[in-house]
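Take a look at the letters that make up each chain.
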Amino acid sequence: MSRGTLYDKVWDHHKVTTLPTGQDQLFVGLHLIHEVTSPQAFGMLRERDLEVAYPELTHATVDHIIPTADQSRPYEEEAAEEMMSELERNVREAGIEFSDPNSGDQGIVHVVGPEQGLTQPGKTIVCGDSHTSTHGAFGALAFGIGTSQIRDVLATGTLAFEKQKVRKIQVDGELGDGVEAKDVILEIISRLGTEGGVGYVYEYAGEAIESLGMEGRMSICNMSIEGGARAGYVNPDETTYEWLEETDYFQENPEKFEELKPYWESIRSDEDAEYDDIVRIDADELEPVVTWGTTPGQGIGISDPIPAPEDLAEDKQDTARRAQEHMRVEPGETMEGYDIDVAFLGSCTNARLPDLRRAAEIVEGREVHEDVRALVVPGSQRVQETAEKEGLKDVFEDAGFEWRNAGCSMCLGMNEDQLEGDEACASSSNRNFVGRQGSKDGRTVLMNPRMVAAAAITGEVSDVRDLKEVTTV
Amino acid sequence: MTSETDEVEIPEVDSASGSGIPIRGNDIDTDQIIPARFMKVVTFDGLGEFAFFDLRFDENDDQKDHPFNEDRFQDSSVMVVNSNFGCGSSREHAPQALMRWGIDAIIGESFAEIFAGNCLALGIPTVTADSETIQELQEWVDEHPDEELEIDIEAETVTYGDETIDVTVDDAQRKALVEGVWDTTALMKSNTSAVRQTAEDLPYVEDAAIPEAE
């Protein structure tokens, strides 16, 4: 059992009691909700005549179904309009704050929480969305839950949960040119497997993690779930505090910053903390990683050969064969040169300002390949606004990208932004599952945002380092 | 507070039985169990018909080979799966769709955590056994689509044909199912004052966010 880790400490601070099942009842410090997974939970509350217990610790936004082109109401798609109306009704009746599109604060829930300062170190944060692990970048204990659990949190402010083990992932060394946080997490998942993290929470540590900005840390924690770990976190440090100080909450409540800092410091993992497992990764060895298959664990360095299924562990062979058939790739080849039809720059993994800035550096002065449909979907209205002020929109549009409004968009194809037929997509998102981007024959290649930009320009999976001298992030 | 409304009857689930249905393959993700386009709904009603939709139907909505399409499995309620079943998103729509199709219990090599938690919240056991045992079970189910298998949650066994095999049920899951506390809302609501105390002790929770004692 782990001892003295951030996870242990935050758990203890939030534990209400041990339930008869042996699970702990944990207090939830921040409950984020969106339109897809919450309406049924509100329905359950109504059936049971229960009210929202902690509305002030609950925050809503709309992201999954919102159109990113024409957002005028009612939405063109009836189902989307119905979901939005239901959310509006629920937050109004319960008195829950809502970052709606009229507020200028709307966006993907995992972009909105951090940028408003709702996400803070040492909080327990839940949302009906598996990428809630993102918020762990701030040293919060954050994880995704299902709709019945949303009902529990709404009704009681708490959740029944079993304590997990802690695996420290120590990433030493320095990331090379063109290599990003996204590559680190894709590498981790390919090494440990998509179920390697089941039963664990991941603590990301080491020089390469500490030198990342908050956005990079968020990209890493975001995809913890793709490795099977329900939560991942980074210990808070000066980088975290500097980021927090600029957020709405601490701008409006500056005294809170000094007041809470000792708590944040106190929940950092101790020097002599004990872990259930430790894995080491050398950042110097990494290159840009791309996926060749249909799980996020099927990733390789851009210059590495696609593995032969028979060379993989026995339980991975069948999945690999089906994946290679779907993707139409051959063992022994690299992914470089794989033709793409769509380039998608967006999602809760990689649609924050630095992601767009880095991609824009690659795009500037170049043109999107004539066979490629390329779109940028900023993670939030604020990201969008700042990016537009900085001229990024012009850079992308001049190159031939579509510049859209904020939302989840083509990461999961719940709005109009979907792959068609067997289109192949270079995507900065988090999942390459069959059908994920809206077409069951669609093919997704996951990669970092600059690699998406490079693919958009060349029309094929390309090593961004060959395209332009780029700097380390 | 009117407490009778909290008193939702939660059945004890100490066993599950029915004929089986094999769903083969590792890493079957939630997008395959229920594609996102079917989640544009505000209730879970009617999701059953969309379970495994893209694996069951082609672009012309013609049936493909899939156990969920086979006549012999239409009354099945115990699904037998391989490893990392239900990986991916947290959508409860996935177990809801399976449940509404008719699945009451799942036996597999391993399950993604959020998926297993969502199943538990619906009273659906997710029990595990090693790879070899699961393959044998899948073959048996294939050959005996009308015969019942029985999961004894408390004893952690599955009985089929003349065989009784050991399976694993997570401790908390077993207790929750057997004692009928898998729906935790009322149970946790009964600790309201302790919850308030925990909130008051947390430095970041503002007093105004904590509801008045009832």
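Each value, and the rule that gives it
- Residues numbered from 1 in each chain as written.
- Chains lettered and ligands numbered in written order.
- Predicted model: local features only at pLDDT ≥ 70, side-chain atom pairs only at ≥ 80, totals over all residues.
- Helix = DSSP H or I, 4+ residues; strand = E, 2+ residues; numbered from the N terminus.
- Rg over C-alpha atoms; globule rule 2.2 N^0.38 Å.
- Buried ≥ 20, exposed ≤ 12 C-beta atoms within 10 Å, placed from the backbone.
- Contact = placed C-beta atoms within 7 Å.
- Pairing = 2+ DSSP bridges.
- Axes fitted to C-alpha atoms, helices over the stretch in contact; angles between N-to-C directions.
- Domains from an automatic or database assignment.
- Nonpolar A, V, L, I, M, F, W, Y, C, P; charged D, E, K, R; others polar.
- UniProt positions renumbered as here; feature names shortened; annotations may be inferred.
- Arc of directions from axis to C-beta.

To continue, consider the overall build of chain A. A count of helices and strands for chain A gives 17 helices and 19 strands. The C-alpha atoms of chain A give a radius of gyration of 21 Å, which matches the 23 Å a tight globule of 473 residues would have. Its C-alpha atoms give chain A principal-axis dimensions of roughly 55 × 55 × 45 Å. In chain A, which comprises 473 residues, the proportion classed as buried is 62%. Long-range contacts, defined here as pairs at least 24 residues apart, represent 77% of the contacts in chain A between residues at least 6 apart.

On to the sheet that holds strand β9 (residues 165-172) of chain A, then. Residue and element names in this part refer to chain A. The parallel open sheet is built from four strands, whose spatial order is β11-β10-β9-β12. Each of the sheet's edge strands pairs with one partner strand only, and the pair in question is β11 (231-233) and β12 (277-282). Each neighbouring strand pair of the sheet contributes to a mean axis angle of 20°, computed without reference to strand direction. Where β9 lies against strand β10 (residues 200-205), six bridges are found, and the strand directions are parallel.

Another point: the domain arrangement of chain B. Segmenting chain B into domains produces domain 1 (14-181) and domain 2 (184-214). One C-alpha centre belongs to domain 1 of chain B, the other to domain 2 of chain B, and the line joining them spans 36 Å.

So, on to the domain arrangement of chain A. Residues and elements named next belong to chain A. Once the domains are mapped, chain A shows domain 1 (6-266) and domain 2 (289-467). A separation of 24 Å is found between the C-alpha centroids of domain 1 and domain 2. Contacts between domain 1 and domain 2 engage 37 residues on the former and 37 residues on the latter. Sort the elements by how many residues they give to the side of domain 1 that touches domain 2 and helix α6 (residues 181-192) lands first, with six residues. Of the residues assigned to the side of domain 1 that touches domain 2, the class counts are eleven nonpolar, 16 polar and ten charged.

Take the UniProt feature "domain: Aconitase A/isopropylmalate dehydratase small subunit swivel" (unreviewed entry) in chain B next. According to UniProt, the feature "domain: Aconitase A/isopropylmalate dehydratase small subunit swivel" (unreviewed entry) maps to residues 24-128 of chain B in the numbering used here. Within residues 24-128 of chain B, the helical portion is 25% and the strand portion 10%, while the C-alpha atoms at the span's ends are 15 Å from each other.

Below, the discussion takes up the environment of glycine 43 of chain A. All names here are of chain A. In this fold, glycine 43 is placed in helix α2 (residues 39-47). Classification of glycine 43 as partly exposed rests on a count of 17 C-beta atoms within 10 Å. Residues glycine 43 and asparagine 90, 47 residues apart in the sequence, show an inter-C-alpha distance of 9.3 Å.

All right, on to the sheet that holds strand β17 (residues 402-403) of chain A then. Residue and element names in this part refer to chain A. Spatially, the five strands line up as an open sheet ordered β17-β16-β15-β18-β19, and their pairing is parallel. Two strands lie at the open edges of the sheet, namely β17 and β19 (443-446), each paired on one side alone. As judged from the three bridges shared by strand β15 (residues 342-345) and strand β18 (residues 424-427), these two strands associate in the parallel manner. Among the inter-strand pairings, alanine 343 is bridged to a residue of β18, identified as alanine 426. Sheet strands in contact with helix α16 (residues 449-458) are β15, β16 (373-376) and β18, and its direction is about 150° off that of β15.

Residue and element names in this part refer to chain A. Residues annotated by UniProt as "binding site: [4Fe-4S] cluster" (unreviewed entry) correspond here to Cys348, Cys408 and Cys411. Taken together, the annotated residues stretch across 64 residues yet fold into one region, lying no more than 8.7 Å apart by C-alpha. Position of cysteine 408 among the secondary structure elements: in the loop between β17 and β18. The buried category is assigned to cysteine 408, around which 32 C-beta atoms lie within 10 Å. Each residue touching cysteine 408, except ones within four places of it in the same chain, is listed here: Asp63, His64, Ile108, Ser347 and Met414. Tracing the backbone through its elements, the reader meets cysteine 411 in the loop between β17 and β18. The buried category is assigned to cysteine 411, around which 30 C-beta atoms lie within 10 Å. Once residues within four sequence positions are removed from consideration, cysteine 411 is found in contact with Gly346, Ser347, Ser429 and Asn430.

Okay, the interface of chain A and chain B next. Each side of the interface is counted separately: chain A has 69 residues, and chain B has 59 residues. By residue number, the principal contributor to the side of chain A that touches chain B is helix α5 (residues 147-156) of chain A, which donates seven residues. Grouping the amino acids of the side of chain A that touches chain B by side-chain chemistry returns 23 nonpolar, 29 polar and 17 charged.

Another point: helix α8 (residues 192-201) of chain B. All of the buried residues along α8 of chain B are Val195, Arg196, Thr198 and Ala199 of chain B. The arc that holds the buried residues of α8 of chain B, viewed along the axis, is 160°, so those residues lie on one side. Turned more than 90 degrees away from the buried face of α8 of chain B, the exposed residues are Ser193, Glu200 and Asp201 of chain B. Tucked inside the fold, the buried residues of α8 of chain B contact α1 (6-14), β1 (15-18), β2 (24-27), α5 and β8 (158-161) of chain A.

So, about the pairing of strand β6 (residues 157-160) of chain B. Residue and element names in this part refer to chain B. In β6, alternate side chains face the same way, and those of Val158 and Tyr160 are buried while those of Thr157 and Thr159 on the opposite face are not. In the sheet, strand β5 (residues 148-152) pairs with β6 via four bridges, with the strands oriented antiparallel. By the bridge assignment for β6, isoleucine 151 is matched with valine 158. The hairpin formed by β5 and β6 contains four residues between the paired strands, and glutamate 156 there has a positive phi angle of roughly 55°.

Another point: the environment of aspartate 237 of chain A. Within the element layout of this structure, aspartate 237 of chain A appears in the loop between β11 and α9 (238-245). Separated by 114 residues in the primary sequence, aspartate 237 of chain A and lysine 123 of chain A place their C-alpha atoms 15 Å from one another.

All names here are of chain A. Residue alternation in strand β6 (residues 124-127) divides its side chains into two sets, Thr124 and Val126 and Ile125 and Cys127, and both sets are buried. As paired strands, strand β3 (residues 30-33) and β6 are joined by three bridges and run parallel to one another. Across the sheet, leucine 30 pairs through a bridge with isoleucine 125, a residue of β6. Bridging between β6 and strand β7 (residues 141-144) involves four bridges; their strand directions are parallel. Bridge pairing in β7 places isoleucine 125 opposite alanine 142.

Another aspect to go through is the environment of arginine 436 of chain A. Looking at where arginine 436 of chain A falls in the secondary structure, it is placed in the loop between β18 and β19. Arginine 436 of chain A sits in the buried class, given 28 other C-beta atoms within 10 Å. Along the primary structure arginine 436 of chain A and glutamine 418 of chain A are separated by 18 residues, whereas in three dimensions their C-alpha atoms are 9.1 Å apart. With near-sequence residues (within four places) excluded, arginine 436 of chain A lies in contact with Leu412, Arg431 and Thr444 of chain A together with Asp31 of chain B.

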